[in-house]
Amino acid sequence: QVQLVESGGGLVQPGGSLKLSCAASGDISTIGTVTWYRQAPGNQRELVAASYSGGGTNDAGPLKGRIAISRDTAKNTVYLQMNSLKPEDTAVYYCNANVIQVGSRNFIDYWGQGTQVTVSS
């Protein structure tokens, strides 16, 4: 069994910063691609950024220029640093990870429960 837990969300003023974490735990052999998404009420889900197991990243989403995604392999954790936040960034932020469990040869996608980010004055 594998679990993903997002944390680090909260209420910030416009122009503020947050650092989100996505921590994986369980019988993990390998973590492949980890992707951050966001969804606001009434809106479609948006891809925010991705971290690839080979070291590459994709940060070309709606927060381009205001985010940095990074990975701590030893901690099975991926971080999303968000800066210069705007009210339109308000959403629930989710992480998705491709994981191979111990004893398996197959990747399975796992989702976290989400963390609320609210940007308001």
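Cut-offs used in this document
Residues numbered from 1 in each chain as written. Predicted model: local features only at pLDDT ≥ 70, side-chain atom pairs only at ≥ 80, totals over all residues. Heavy atoms only, no water. Helix = DSSP H or I, 4+ residues; strand = E, 2+ residues; numbered from the N terminus. Polar contact = N/O pair within 3.5 Å; in protein donor to acceptor, adjacent residues only side chain to side chain. Contact = heavy atoms within 4.5 Å. Salt bridge = Lys/Arg side-chain N within 4 Å of Asp/Glu carboxyl O. Buried < 20%, exposed > 50% of the residue type's maximum accessible area, 1.4 Å probe, protein only. Pairing = 2+ DSSP bridges. Axes fitted to C-alpha atoms, helices over the stretch in contact; angles between N-to-C directions.

Description of the side chain of Thr 115
1) Next: Locating Thr 115 in the fold gives a position in strand S11 (residues 115-119).
2) Next: For Thr 115, the side chain forms a polar contact with the main-chain nitrogen of Gly 9, separated by 3.2 Å.
3) Next: Non-local contacts of Thr 115, meaning those with residues more than four positions away in its chain, are made with Glu 6, Ser 7, Gly 8, Gly 9, Leu 20, Ala 91, Val 92 and Tyr 93.

Overview of the pattern of salt bridges
Pairing of side chains with opposite charge becomes possible as their charged atoms draw close.
1) Next: By the definition in use, this model includes three salt bridges.
2) Next: Its salt-bridge partner being Glu 46, residue Arg 38 comes within 2.8 Å of it at the nearest N-O pair.
3) Next: The class for Arg 38 is buried, based on a relative accessible area of 7%.
4) Next: Assessed through its relative accessible area of 31%, Glu 46 is described here as partly exposed.

So, unusual backbone geometry
Glycine aside, negative phi is the norm for most residues, and most peptide bonds take the trans geometry.
1) Next: Phi at Asn 76 takes a positive value of approximately 50°, unusual for a residue other than glycine.
2) Next: With respect to the element layout, Asn 76 can be found in the loop between strand S7 (67-72) and strand S8 (77-82).
3) Next: In the Ramachandran plot, Ser 84 falls in the positive-phi region, its phi being about 50° despite a non-glycine side chain.
4) Next: As for its placement among the helices and strands, Ser 84 is situated in the loop between S8 and strand S9 (91-101).

As for the sheet that holds strand S3 (residues 18-26)
1) Next: Strand order in the open sheet made by the four strands is S1-S3-S8-S7, with antiparallel pairing throughout. Of all the strands in the sheet, just strand S1 (2-7) and S7 have a single pairing partner and so form its edges. Averaged over all neighbouring strand pairs, the angle between strand axes comes to 15°, with direction disregarded.

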